[in-house]
Structures are given as C-alpha cells and as structure tokens.
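Topology and contacts: notes
Chain residues, written in single-letter form:
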Amino acid sequence: MATLCPLSASPKKTIARGGSIHEAPNSAESQTRPSGKDSTLMGVKHGVLSKTAAVLSKTIVHELLECPICMNIMYPPIHQCSNGHTLCSKCKSKVRSCPICRQELGNIRCLALERVAQSLEVPCRYESLGCHDIFPYKSRFRHEKSCQFRPYNCPYAGVECPIDGNILFLVQHLKNYHQVDMHDGSTFNHRYVMTDAQGVENATWMLTLFSCFGYHFCLHFEAFNLQRAPVYMAFIHFMGEEHDAKKFNYSLEVGGNDRKLTWQGVPRSIRDSRATVRESLDGLIIHRNMALFFSDGNIQELKLNVTGRIWEIQS
Ligand SMILES: [Zn+2]
Ligand SMILES: [Zn+2]
Ligand SMILES: [Zn+2]
Ligand SMILES: [Zn+2]
C-alpha cells in the first residue's frame with residue numbers, strides 16, 4: 001500500500017479531502033515556496049503576498065495540515081503512524097491504532113510537518129464565513145478563538161442546542177426549529193406564567209425574539225437558586241458582537257400591587273452564554289416571594305408581566 005504521508009506527495013499534486021488528485025493552479029505559483037524565509041528574501045510582506053499565499057494555502061498547506069480523521073487543521077504536536085499517516089493530537093488520544101492502516105500508533109511525532117506548519121501563513125478557518133485575514137500558523141489559532149466571523153452558538157434556552165452559524169441562519173433556526181415567536185419593534189410586554197411556582201426551582205421559559213434597529217435581541221426569563229434563595233431573572237441577549245451590543249441600552253420592569261422593580265442594562269452579546277450572564281447577575285433579578293407578590297398575591301401561581309424597551313445610545 002502506498003504511503004500517504006503528505007510530505008512525500010509531489011509539490012504539484014496533493015491529496016484532497018475526497019482522495020482525488022489536484023493540480024496546483026499554475027506552475028508559477030507552485031514554484032513560489034511559501035516559507036517565511038523565502039518571503040523575506042523576495043521582499044514580499046504580508047498583504048502583498050496574500051494572493052499567492054492564499055492560493056497556496058488553500059491547495060497545499062490546507063490539505064497537508066488537515067487531519068484526515070476530524071478534518072480540522074492540525075497543530076503541533078502532529079502525530080504519525082510508522083507508515084507515515086498523520087493525525088492530530090486530539091484524534092490520536094482517541095485511538096490506539098492508525099485509522100488508515102491499522103498499525104499500532106506508538107508515539108511518533110511528524111516533526112517535519114510541524115516545522116512546515118510553523119513556517120507557513122494560512123488563512124483563518126472562517127474564511128468561507130467572511131474572514132479574509134492571513135496569519136502565521138501559530139497566531140492563527142489565537143485569532144480564530146476570537147475571530148468575529150466564527151459562528152455563534154444557538155442562544156435557545158432549555159436544552160443545549162449544538163447548532164451554530166451566522167446570525168441570519170440562527171434567526172431562521174430559532175423560528176423554524178425552536179418555533180420561537182418573533183416580534184418587530186423595540187418595546188415589549190411579555191407574560192410569564194407558572195401554576196406551581198413554589199415547587200419549581202429551575203426552569204427556563206421560551207425566549208422571545210425581537211427585531212429592531214436592524215439587529216435581533218432575545219429576551220430570556222429563567223428560574224434558579226441564588227445562594228439558596230429562589231429567584232427569577234430576565235435579561236436581553238444581543239445577536240451579534242459585544243462592540244455592537246454596547247450601542248444599546250434596555251430597560252425591564254415588573255410590578256403589581258402598586259410596587260415595581262426596574263432594571264436598566266446593556267444587552268449581552270450571545271458570545272456570552274446564558275450561564276455566563278446568569279453568573280454575573282447582569283439582568284433583572286426578582287426574588288420569588290416578590291414575584292408572587294406581584295402576581296396578584298397568589299403564593300402558588302406566578303403571573304408576571306415583564307415590560308421593556310430597547311434603545312440606541314446617542315453617541
Ligand atoms: Zn483530528
Ligand atoms: Zn497508518
Ligand atoms: Zn478570522
Ligand atoms: Zn438551536
């Protein structure tokens with residue numbers, strides 16, 4: 001059986017994901033080696049080099065460094081079997097024999113590929129989502145953790161939803177899959193009901209989705225124990241980045257029996273999970289006794305009206 005070690009492939013041909021052979025786009029580009037040293041010699045710097053680098057990165061680098069098991073880019077340490085099949089350290093920790101040739105894996109590093117990897121510049125893995133930055137291999141990893149084009153997690157409350165994507169995709173997903181109600185406008189009035197409020201200490205209500213100022217906001221309402229005291233918490237999640245979330249303020253109000261509680265805050269980006277927002281208590285907190293007092297004084301039944309408004313901060 002032929003050895004598939006990526007380093008043994010001819011420079012013009014690489015093994016693609018599906019196993020087919022690709023020709024490099026043209027010979028001029030394939031002769032331009034992308035190592036940092038050569039780039040300096042040719043006097044080519046970031047940006048100027050980007051087009052060639054991008055083409056090269058896509059064809060050769062990306063495929064060489066793609067783990068054949070999980071398809072993610074491999075970061076050092078990169079491992080290989082005694083036949084030269086490479087795999088990432090995450091996949092290696094899950095298997096004992098090579099997934100391709102079934103040889104015992106042992107503990108062989110692919111130092112050559114690690115060195116190639118470290119000398120290259122590669123595009124951000126979210127390139128197809130709109131990020132056009134190119135990075136030295138190592139710092140790319142750091143960038144990707146905070147790249148603004150990385151997909152957002154679904155903000156749905158109740159079950160952990162594994163879906164991620166861009167905002168427009170998630171809005172459609174919330175509507176179609178979770179059947180979330182969507183409202184237009186920046187003011188809202190939402191009623192939360194629970195018949196046996198005393199018996200329930202942990203609950204999440206269906207979120208409500210608002211569309212205003214060209215953005216989407218989620219209103220969350222949940223019950224949990226705060227230092228053993230049962231509370232309700234309402235807050236607004238912003239579907240976008242934190243720097244855009246900061247352009248807005250919102251207020252929430254609950255009341256009854258001639259009393260009311262109000263909260264004014266800044267929407268939190270959905271980059272911060274619901275758990276994170278809950279831990280930081282960044283929202284309207286209502287103790288259960290108070291909430292039941294607002295609910296016509298019925299000590300069993302929660303009937304809470306949350307009203308609110310979102311507005312743009314004038315800079
Ligand atoms: Zn892998
Ligand atoms: Zn193997
Ligand atoms: Zn990026
Ligand atoms: Zn979801």
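Residues numbered from 1 in each chain as written. Chains lettered and ligands numbered in written order. Predicted model: local features only at pLDDT ≥ 70, side-chain atom pairs only at ≥ 80, totals over all residues.

Quick notes on the overall build of the protein
Broken down by element type, the protein carries 10 helices and 20 strands. Counting every position in the protein, which comprises 315 residues, the buried fraction comes to 27%. For the protein, restricting intrachain contacts to residue pairs at least 6 apart in sequence, the fraction spanning at least 24 positions comes to 53%. (Helix = DSSP H or I, 4+ residues; strand = E, 2+ residues; numbered from the N terminus. Buried ≥ 20, exposed ≤ 12 C-beta atoms within 10 Å, placed from the backbone. Contact = placed C-beta atoms within 7 Å.)

Observations regarding unusual backbone geometry
In this structure, Pro77 follows Pro76 across a cis peptide bond, with omega equal to 0°. Structurally, Pro77 is set in the loop between α3 (50-64) and β3 (78-80). The phi dihedral of Met71 is positive, around 70°, even though this residue is not glycine. By secondary structure assignment, the location of Met71 is in the loop between α3 and β3.

Some words on the sheet that holds strand β5 (residues 108-109)
Taken in spatial order, the 3 strands line up as β4-β3-β5 in an open sheet, and their pairing is antiparallel. Looking at which strands have only one partner, the edges of the open sheet turn out to be β4 (86-88) and β5. Two strands pair when backbone bridges link them, and β3 and β5 are joined in this way by 2 bridges, in the antiparallel orientation. Pairing of His79 across the sheet is with Arg109, part of β5. (Pairing = 2+ DSSP bridges.)

Comments concerning the pairing of strand β16 (residues 248-256)
Consecutive side chains of a regular strand alternate in pointing toward one face of the sheet and then the other. Where β16 lies against strand β20 (residues 302-312), 6 bridges are found, and the strand directions are antiparallel. Looking at the pairing, Leu252 lines up with Gly308 of β20. The antiparallel hairpin formed by β16 and strand β17 (residues 259-265) contains 2 residues in its connecting segment, where Asn257 sits at a positive phi of about 55°.

Digging into the UniProt feature "domain: RING-type" (unreviewed entry) in the protein
As recorded in UniProt, the feature "domain: RING-type" (unreviewed entry) lies at residues 67-102. Within the segment residues 67-102, helix and strand shares are 11% and 17% respectively, and the terminal C-alpha atoms sit 16 Å apart. (UniProt positions renumbered as here; feature names shortened; annotations may be inferred.)

Things to note about the sheet that holds β20
In space, the 4 strands of this open sheet follow the order β11-β20-β16-β17, with antiparallel pairing throughout. Pairing within the sheet leaves two strands with one partner each, and these edge strands are β11 (187-194) and β17. Strand-to-strand twist across the sheet, computed as the mean angle between neighbouring axes with direction ignored, equals 20°. (Axes fitted to C-alpha atoms, helices over the stretch in contact; angles between N-to-C directions.)

Things to note about the environment of Gly185
Mapping Gly185 onto the fold places it in the loop between β10 (182-184) and β11. Judged by C-beta crowding, with 10 C-beta atoms within 10 Å, Gly185 ranks as exposed. Along the backbone, Gly185 and Ser211 are 26 residues apart, and their C-alpha atoms lie at a distance of 6.1 Å.

Considering the nonpolar core
Within the largest apolar cluster, 40 residues are counted, with the highest numbers of intra-cluster contacts made by Phe217, Leu219, Ala234, Ile236 and Leu284. Counting residues per element, this core draws most heavily on strand β15 (residues 229-238), which supplies 6 residues. Setting aside residues up to four positions removed in sequence, Leu284 forms contacts with Met233, Ala234, Phe235, Leu252, Val254, Leu261 and Trp263. Formed by 16 residues, the second largest nonpolar core is a distinct cluster that contains Val61, Leu64, Leu87 and Ala117. (Core = buried A, V, L, I, M, F, W, Y, C linked by C-beta atoms within 7 Å.)

Observations concerning the pairing of strand β19 (residues 284-287)
Burial of the side chains of β19 is restricted to one face: Leu284 and Ile286 are buried, whereas none of Ile285 and His287 on the reverse face is. Of the pairings in the sheet, the one linking β15 to β19 comprises 4 bridges and is antiparallel in character. Residue pairing across strands places Tyr232 opposite Ile286, the latter belonging to β19.

Details of the environment of Phe210
Position of Phe210 relative to the elements: it lies in strand β13 (residues 208-212). Through-space distance from the C-alpha of Phe210 to that of Asp184 is 5.7 Å; in sequence the pair is 26 residues apart. Ignoring any residue separated from it by four or fewer positions in sequence, one finds Phe210 in contact with His183, Phe188, His216, Phe217, Leu219 and Ile310.

Digging into the confidence of the model for the protein
When pLDDT is averaged along the protein, the result is 82, and 81% of the positions lie at 70 or above. Here strand β1 (residues 13-15) is the element of the protein with the lowest mean pLDDT, 33, and strand β18 (residues 268-269) is the one with the highest, 98. Note on residues 1-48: pLDDT under 50 across the span, and 59 contacts to partners over four residues away in sequence or across chains. (pLDDT = per-residue confidence, 0-100.)

Let's talk about the environment of Val95
Its place among the elements puts Val95 in the loop between α4 (89-92) and β5. Put simply, Val95 and Leu105 are 10 residues apart on the chain and 8.2 Å apart in space, counted from C-alpha to C-alpha.

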